[in-house]
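Close look at the chain arrangement
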Amino acid sequence: MTHESPGEFAEFAAVAWPRLVRTAHMLTGDFHEAEDLVQTTLIKVCARWRRIPHDDIEAYVRRALVNNNLSRIRKKRVTHLLMPFLPETEHHAHSGHAEAVGNRAALIQALSALPARQRSVMVLRYFDDLSDPDIAAALNCSLGTVKTHARRGLAALRAHPAFTTALSPFPGAHR
């Protein structure tokens, strides 16, 4: 089943925007880059909207987001100065949230140090809660490659100087 109504796309985009921006922010390390990445992805998805099977929307958009991020990195080939905080969190922080903001900043800093594909695996696994086969499909790689990137990514994150406590920034990192 495919989609016929342009209103369906607008509704999907409005509902998916916050989740896609969160994922893109973890992939890019920069809130504004994340919004640009999601916008670019949604423009491309809109052009193909009628041909995307109804039961494949989420996987299709996720794969497009990851692929657009990897293309963005390859095209620019420049080092991005990544912000050590989330702008929206800092502006809306209440007293008592300083530790959460600090942990989030440390996580963004550590993720930004990872190679793009390792960072993609970490974000898709621990923030989008995808299974290894789903990650392999999103990245168009083998299951073994996903497991290797996950193992190396976790090791790099645990060794990163931003984490001085024994607590892992990833819920369920015991996989």
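Below, the structure is looked at part by part. (Residues numbered from 1 in each chain as written. Predicted model: local features only at pLDDT ≥ 70, side-chain atom pairs only at ≥ 80, totals over all residues. Heavy atoms only, no water.)

Quick look at the pattern of salt bridges now. One pass over the full model with this rule turns up five salt bridges. Its salt-bridge partner being R22, residue D128 comes within 3.0 Å of it at the nearest N-O pair. Linking D128 in the loop between α6 (116–126) and α7 (132–139) with R22 in helix α1 (residues 6–28), this pair joins segments that are 106 residues apart in sequence. For R22, a relative accessible area of 34% corresponds to the partly exposed category. The salt bridge involving R72 is made with E33; its shortest N-O contact spans 3.1 Å. Separated by 39 residues along the polypeptide, R72 in helix α3 (residues 57–76) and E33 in helix α2 (residues 31–48) bring together distant segments of the chain. Of the residues examined, R72 reaches a relative accessible area of 14% and is grouped as buried. What makes E33 buried here is its relative accessible area of 18%. (Salt bridge = Lys/Arg side-chain N within 4 Å of Asp/Glu carboxyl O. Helix = DSSP H or I, 4+ residues; strand = E, 2+ residues; numbered from the N terminus. Buried < 20%, exposed > 50% of the residue type's maximum accessible area, 1.4 Å probe, protein only.)

Another point: the packing of α6 against helix α8 (residues 143–159). As a packed pair, α6 and α8 sit with axes 8 Å apart at the nearest point and diverge in direction by 90°. In this view, α6 runs roughly perpendicular relative to α8, as classed from their interaxial angle. Where α6 abuts α8, its residues R117, Q118, V121, M122, R125 and Y126 lie against V146, H149, A150, R152, G153, L154 and L157. Per-class residue counts for the contact of α6 with α8 are seven nonpolar, three polar and three charged. (Axes fitted to C-alpha atoms, helices over the stretch in contact; angles between N-to-C directions. Parallel < 35°, antiparallel > 145°, perpendicular 65-115°, else oblique. Contact = heavy atoms within 4.5 Å. Nonpolar A, V, L, I, M, F, W, Y, C, P; charged D, E, K, R; others polar.)

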